[in-house]
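As a plain string of letters, each chain reads:
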Amino acid sequence: MEKTILQQSKRQSGINPSKTLDIWSVQCGECFKWRLISTEEEYEEIRSKFIENPFVCTKKMGVSCDDPTDIEYDNSRTWAIDKPNIPKTPAGFKRTVVMRKDWSKMDCYYDAPNGKRLRASTEVAKFLDKHPEYKKGISLDDFSFNCPKIMKDTCPDNDAAKD
C-alpha cells in the first residue's frame, strides 16, 4: 500500500475557507493514525524522505501508536493528499499551494528571494539562468510543481462555500 502525507485547509462555519494550507499532518505507517506536524519546514523534511524513511508515531517525541490520533480525517476541514518525496523548498524561496475557487484542484508556485513569482519549471530555469546569485547549491530538481490532491469527500457541499 502506498503511504501518503496529508495536508489540509481549515474550514470555519460562516467564514470562507482558507484557500492555502495551514495545518500539516502525516499518517503513521504502522497504526495509520494522523499526527499533527508543528511547522511547514518539519512537514517538508518528512515529506522529502517519506519513501525511504516512512513516518511512524515514535518519531514524534513522547508519542506512540498507543496514543489517540491527533486529528480525525473528516469533513470538518478540507483535506489534500501530497505526493511523497517532493523536495524541500530551497532556502530563500517560498512554496505556496492555493486551492482554486471551484475546489477542483490546487495550484503551486514559488516566490523567489527577490519577490519574483515562479509558476512553472521553465520559469524557474529562466530565473536561475538570469540570476546566478540564487543558483548556488540549487538545481531545477529542487522545485516541484506537483500539487496535493484535494479529497473531494471533504469539500463543502453547498455552492455558497465555493465562492
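To start, this report covers the structure provided alongside it. (Residues numbered from 1 in each chain as written. Predicted model: local features only at pLDDT ≥ 70, side-chain atom pairs only at ≥ 80, totals over all residues. Heavy atoms only, no water.)

Thoughts on the sheet that holds strand β6 (residues 106-111)
Paired through their backbone hydrogen bonds, the strands of a sheet run either parallel or antiparallel.
Stage number 1. The three strands lie next to each other as β5-β6-β7, forming an open sheet whose pairing is antiparallel. Bordering the open sheet on either side are β5 (94-99) and β7 (117-118), each of which pairs with just one other strand.
Stage number 2. Pairing geometry for β6 and β7, over two bridges, is antiparallel. Following the sheet pairing, Asp111 is matched in β7 by Arg117. (Pairing = 2+ DSSP bridges. Helix = DSSP H or I, 4+ residues; strand = E, 2+ residues; numbered from the N terminus.)

Thoughts on the nonpolar core
Stage number 1. Formed by 25 residues in total, the largest nonpolar core has its most connected members in Ile37, Phe93, Met106, Leu118, Leu128 and Phe143.
Stage number 2. Listing elements by their share of this core, those giving two or more residues are β2 (23-27), α1 (40-48), β5, β6 and α2 (121-130).
Stage number 3. Other than its neighbours up to four places away in sequence, Ile37 contacts Trp24, Ser25, Val26, Glu42, Tyr43, Ile46 and Phe55. (Core = buried A, V, L, I, M, F, W, Y, C linked by side-chain atoms within 4.5 Å. Buried < 20%, exposed > 50% of the residue type's maximum accessible area, 1.4 Å probe, protein only. Contact = heavy atoms within 4.5 Å.)

A short note on α2
It helps to recall that an α-helix has 3.6 residues per turn; residues three or four apart then point in one direction.
Stage number 1. Inspection of α2 places Val124, Phe127 and Leu128 among the buried residues, and these make up the whole buried set. Seen from one end, α2 has its buried residues packed into an arc of 95°, which puts them on one side. What points out from α2, more than 90 degrees from its buried face, is the exposed set Thr122, Lys126, Asp129 and Lys130.
Stage number 2. The inward-facing, buried residues of α2 abut β7. (Arc of directions from axis to C-beta.)

Topic: the pairing of β6
Stage number 1. Buried residues dominate β6, accounting for five of its six residues.
Stage number 2. Two elements, β5 and β6, share six bridges in a ladder whose sense is antiparallel. Paired with Arg95 across the strands is Tyr110, a residue of β6.
Stage number 3. Hairpin geometry of β5 and β6 is characterised by an intervening segment of six residues between the two adjacent antiparallel strands and by a positive phi of about 65° at Trp103.
Stage number 4. Hairpin connection between β6 and β7: a loop of five residues separates the two successive antiparallel strands, and Gly115 in this loop has a positive phi of roughly 95°.

Quick word on the pattern of salt bridges
Stage number 1. Under the counting rule described, the total for this entry stands at 10 salt bridges.
Stage number 2. Between Asp70 and Arg35 there is a salt bridge whose closest N-O contact spans 3.2 Å. Of this pair, Asp70 sits in the loop between α1 and β4 (77-82) while Arg35 is found in strand β3 (residues 34-37), placing the two residues 35 residues apart along the sequence.
Stage number 3. By relative accessible area, Asp70 is classed as partly exposed at 32%.
Stage number 4. Between Lys94 and Glu40 there is a salt bridge; the shortest N-O distance is 2.9 Å. One end of the pair, Lys94, is in strand β5; the other, Glu40, is in helix α1, and 54 residues separate them in sequence.
Stage number 5. One connected set of salt bridges, linked through shared partners, spans Arg35, Lys60 and Asp70. (Salt bridge = Lys/Arg side-chain N within 4 Å of Asp/Glu carboxyl O.)

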